[in-house]
Amino acid sequence: MSATAVRPAATGTTGTKPVRARRKAGAGLGLVAWLAGIVFFLPIAWMALTSFHSEEDAATNPPSFAASLTLDGYREFFGADGGASPWPALINSAVASVASTLLVLVLALPAAYALSIRPVKKWTDVLFFFLSTKMLPVVAGLLPIYLFAKNTDMLDNIWLLVILYTSMNLPIAVWMMQSFLAEVPVAIIEAARVDGARLPTVLARVVAPIALPGIAATSLICFIFSWNELLFARVLTGVVAETAPVFLTGFITSQGLFLAKVCAASLVISLPVLAAGFAAQDKLVQGLSLGAVK
């Protein structure tokens, strides 16, 4: 009886060891995640602090953390001292990013549906071809695109950037949404077709609501890529279609102090991306992890 009574106790003690080990491992991973988050957040915090310093205090080496705070950098960015207004550039960036993202979704959703729900032959080769278009260096296509824009009178036109951003983000959007749509139950789609729903209705009312986290993640990534793009916007735009990143580069000069003003401009221009990421963070995490755990 005593031996029998001891065995369950020993088994229970042994069973708690893996649980404790998993808890310790989880705590260690959590600590590493916090440290990594702090490391990635430090440059943003440094930029924000520098934006509230005067140009003289921002240029000191080592930097002065106890320096007085001022809004001069933001005043200069918004043209309070007679400088150029940033609002046209911000509006151009918003138009190019939002319009190109919407076009990408309209084109990528049917393509991803065809490759996931109704796959074609050698669909993996098709996906690899889409992704291979992103392997071409952007500089390699800069001159042909510039000549095309010049000959078609599309230079300094915001809609040229919309077309370019759509073509640049479409491959990665199709690649991402194919994996998201592959998780949609085929039985639901077949039931909708039995009820007489056509393909546009199936995509809009059946597939899209189920794959909404993946669509949100794809939209956010395409928006970030479009908002941050600089090379094409720098070469193909002038005054009318100037975007926010191009406007930001105008603050960097070979003479004078500009660090505080650049930090203020960088923080303001980064706010739409940060706000969009914060607002859609749950959908982004859910979409990027969709299909990771079966």
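Residues numbered from 1 in each chain as written. Predicted model: local features only at pLDDT ≥ 70, side-chain atom pairs only at ≥ 80, totals over all residues. Heavy atoms only, no water.

Student: It is not clear to me how the packing of aromatic side chains should be interpreted in this structure. Could you clarify?
Tutor: The relation between two aromatic rings is expressed through the spacing of the ring centres and the mutual angle of the planes. Under the definition given, this model contains 7 aromatic pairs. Ring centres 5.9 Å apart and planes at 40° place the aromatic pair Phe77 and Phe251 in the tilted group. Placement of the pair is Phe77 in helix H3 (residues 72-77) and Phe251 in the loop between helix H12 (244-249) and helix H13 (259-279), with a sequence separation of 174 residues. Here the aromatic residues Phe77, Phe78, Trp87, Phe247 and Phe251 are joined through ring pairs into a cluster of three or more. (Phe/Tyr/Trp six-rings, centres within 6.5 Å; stacked < 30°, edge-to-face > 60°. Helix = DSSP H or I, 4+ residues; strand = E, 2+ residues; numbered from the N terminus.)

Student: So what exactly am I meant to see when it comes to the layout of surface pockets here?
Tutor: Empty pockets left among the atoms are what a rolling probe the size of a water molecule brings to light. Computed from the structure, the largest pocket encloses a volume of approximately 310 Å³. If you go around the largest pocket, the residues you meet are Thr133, Lys134, Leu136, Pro137, Val138, Gly141, Ile145, Leu164, Ser167, Met168, Pro171 and Phe232. Along the lines of polarity and charge, the residues of the lining of the largest pocket split into 8 nonpolar, 3 polar and 1 charged. (1 Å grid on protein atoms, 1.4 Å probe; cavity = no way out; pocket = protein on both sides within 12 Å on 5 of 7 lines; lining within 4 Å. Points joined across faces, edges and corners; volume = space filled by probe spheres on them. Nonpolar A, V, L, I, M, F, W, Y, C, P; charged D, E, K, R; others polar.)

Student: What is the right way to look at the packing of helix H9 (residues 199-210) against helix H10 (residues 212-228) in this model?
Tutor: Where H9 contacts H10, the two axes come as close as 4 Å, and the packing angle between them is 80°. As far as their axial angle goes, H10 and H9 are roughly perpendicular. Contacts from Ala208, Pro209 and Ile210 in H9 reach Leu212, Pro213 and Ile215 in H10. Residues that form the contact of H9 with H10 fall into these classes: 6 nonpolar, no polar and no charged. (Axes fitted to C-alpha atoms, helices over the stretch in contact; angles between N-to-C directions. Parallel < 35°, antiparallel > 145°, perpendicular 65-115°, else oblique. Contact = heavy atoms within 4.5 Å.)

Student: I keep staring at empty space enclosed by the protein and nothing clicks. Help me out?
Tutor: As enumerated under the stated definition, the model contains 1 cavity of 30 Å³ or more in all. Estimated volume of the largest cavity: approximately 30 Å³. Around the largest cavity, the lining residues are Ser93, Ala96, Ser97, Tyr165, Ser226, Trp227, Glu229, Thr243 and Pro245. At 3 residues, the largest contribution of residues to the lining of the largest cavity is made by helix H4 (residues 87-116). When grouped by side-chain class, the residues that make up the lining of the largest cavity number 4 nonpolar, 4 polar and 1 charged.

Student: So what exactly am I meant to see when it comes to the nonpolar core here?
Tutor: One broad rule of soluble globular proteins: the nonpolar side chains tend to lie buried together. Ranked by internal contacts, the top residues of the largest apolar core, which has 28 residues, are Tyr113, Met177, Leu181, Ile189, Val202 and Val207. Where this core is concerned, the elements lending two or more residues are H4, helix H7 (158-181), helix H8 (186-194), H9 and H10. (Core = buried A, V, L, I, M, F, W, Y, C linked by side-chain atoms within 4.5 Å. Buried < 20%, exposed > 50% of the residue type's maximum accessible area, 1.4 Å probe, protein only.)

Student: Got a minute to help me understand the environment of Pro88 in this structure?
Tutor: Here Pro88 is to be found in helix H4. Taking the C-alpha atoms as reference points, Pro88 and Ala241, separated by 153 residues in sequence, lie 8.2 Å from one another.

Student: Even after reading the chapter, I still don't get unusual backbone geometry, so can you show me in this structure?
Tutor: A negative phi holds for most residues other than glycine; trans holds for most peptide bonds. We note that Asp153 has phi near 55°; this positive angle belongs to a residue other than glycine. In this fold, Asp153 is placed in the loop between helix H6 (142-151) and H7.

Student: Help me understand a positive patch on the surface in this model?
Tutor: Together, Arg20, Arg22, Arg23 and Lys24 line one region of the surface with positive charge. Among the structural elements, Arg20 can be located in helix H1 (residues 2-51). (Patch = residues over 30% accessible without salt bridge, like charges linked within 9 Å, V, L, I, M, F, W, Y side chains within 5 Å. Areas by Shrake-Rupley, 256 points an atom, 1.4 Å probe, with all protein chains shown as cover. Salt bridge = Lys/Arg side-chain N within 4 Å of Asp/Glu carboxyl O. Lys, Arg positive; Asp, Glu negative; His and termini not counted. Charge placed at Lys NZ, Arg CZ, Asp CG, Glu CD.)

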